[in-house]
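Secondary and tertiary structure notes
Now for the letters of each chain:
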Amino acid sequence: MNRRLSLPRSVDRFALYWQAAFWCVIVFSTLKSLKLPMPYAASHYFLTYEEGFVKRGLTGAFLDGLGVEPTYAMVTVLGAVFYGALLIGVGCICASFIRSGSLVLSAATIVYAASISVVYLAGSLGYLDHLLVVLVLGVIWTQTVWGRVWSGLVLGSSAVLIHEGSLLLVLPVCYFAIFVAARPRGEAVAVLMAGAVATVHLVLTYLVVVFGGLPDEGVAKLRDSMQAIADFDLTSLLFEVISEKGASSLSALRTDIGLIAHVDSIVIVAPSLVALLLLFWTITRMGRMGGLTLALGILAALAPMTLRFVATDIQRWDAMSILMAFLVVFVAWGAAGKPLPEPAVERWMVPLFVVAIAISSGTKTFMVSHQEVDLYPFFEARQSLLYYLGQR
């Protein structure tokens, strides 16, 4: 008799227990770093096209088109909504894994929930990364080939206009999803379809980068109009980014501190990232999806890490790679017919996941603006809440 190391499908309460465990862990990970939006992130919601086309201006232009004047409180609410939508989308994926009855897939949900990816996303509340991930989830949840192509074109183009870094930060997972959906038509056709969507986004990104900067006079006028609306002091960094000169951080790679920071960041994300990529490799092998699928999936997962060559937020890019790897696993699993890992695989993969969870649970990282990761029992989070309530 073939006994599987898996959850009994006939007992729904086991799935309920695992989903409860997932949400408990992801809430704990969120509390480690959850903060109100920083002025830099909040400033993006005030960008509009009133002085001409400008990179990252779509979100503010959309609010302006609705006749809404954003405030810091509104940005906080929108940031919470985007982050909540991201968690719900990831939670739906985890529910699919858990309902499969596989112990490996169920444990993989905890690997992600305990990862530094959740910690960093919670600590960057108000950043548009959350909205970008929600758009990608919209593409992934579309089941048909042409549905993914058209949603990829529309939602992906919107992502580029929201943030030009989307081309490497989140969109490679969309291209991978299109590829695996079109793969039954032949790998050549699948590459062509995914490549066509990627080319559109590449051209759009080029146009945004080249023509999305404003002259100094335009930047000054836009800043004055934004500051007249904003109820907090806008940061200078955003206006440096949207200027014609832009900003470059390649010099960070030329110092010993920069190189050490790169190594440290990779070490921090390695446990969760390696565990998820091993699961992805296992799924492609079981589904006989071929070497090209494996290569494209790995590239899609690691694509955010390449942003370290153009921007200094290396921990942000590396943490995002964990989420992209998790989404790649889900896309491949669905395309492969939702196979369940063999008992021999489960026997070594589950302990590996336990180690990854244990390491990630106690891991700290460098957060934006020198924020600290607050470990259990979350003294800083409680003090901040009490202070906030005392000011009301």
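Each remark here, short or long, concerns the structure printed above.
To start, this report covers the structure provided alongside it.

Thresholds applied
Residues numbered from 1 in each chain as written. Predicted model: local features only at pLDDT ≥ 70, side-chain atom pairs only at ≥ 80, totals over all residues. Heavy atoms only, no water. Helix = DSSP H or I, 4+ residues; strand = E, 2+ residues; numbered from the N terminus. Buried < 20%, exposed > 50% of the residue type's maximum accessible area, 1.4 Å probe, protein only. Contact = heavy atoms within 4.5 Å. Disulfide = S-S within 2.5 Å. Core = buried A, V, L, I, M, F, W, Y, C linked by side-chain atoms within 4.5 Å. Salt bridge = Lys/Arg side-chain N within 4 Å of Asp/Glu carboxyl O.

On the secondary structure map, Leu 276 appears in helix 14 (residues 256-286). Classification of Leu 276 as buried rests on a relative accessible area of 0%. Here the alpha-carbon distance between Leu 276 and Tyr 112, two residues 164 residues apart in the chain, equals 8.3 Å. Apart from the residues within four sequence positions on either side, Leu 276 is in contact with Ala 108, Val 111, Ile 322, Ala 325, Phe 326 and Val 329.

Put plainly, a disulfide is one covalent bond tying together the sulfur atoms of two cysteines. Tallied over the entire structure, the rule returns 0 disulfides. Considering cysteine sulfurs only, Cys 94 is the nearest to Cys 24, which forms no disulfide, with 13 Å between them. Classification of Cys 24 as partly exposed rests on a relative accessible area of 47%. Cys 94 carries a free sulfur, and the closest cysteine sulfur to it, the one in Cys 92, is 9.3 Å from it. The buried category is assigned to Cys 94, whose relative accessible area is 1%.

Quick look at the nonpolar core now. Core analysis: the largest hydrophobic core is formed by 120 residues, its most contacted members being Leu 279, Leu 323, Leu 327 and Phe 353. The residues touching Leu 327, leaving out its near neighbours within four places in the chain, are Ile 93, Val 136, Leu 137, Ile 140 and Val 173.

Below, the discussion takes up the pattern of salt bridges. If charged atoms from side chains of opposite charge come close, those side chains can pair. With the rule as written, the count across this model stands at 6 salt bridges. With a shortest N-O distance of 2.9 Å, Arg 56 and Glu 164 are connected by a salt bridge. Residue Arg 56 is found in the loop between helix 2 (39-43) and helix 3 (58-65), and its partner Glu 164 is found in the loop between helix 8 (145-162) and helix 9 (166-169); the two are separated by 108 residues along the sequence. On the basis of relative accessibility, which here comes to 13%, the residue Glu 164 falls in the buried class. Residues Asp 313 and Arg 316 are paired through a salt bridge, measuring 3.0 Å at the closest nitrogen-oxygen approach. Judged by its relative accessible area of 24%, Asp 313 falls in the partly exposed class. Three or more residues joined by partner-sharing salt bridges are found here, namely Asp 129, Asp 313 and Arg 316.

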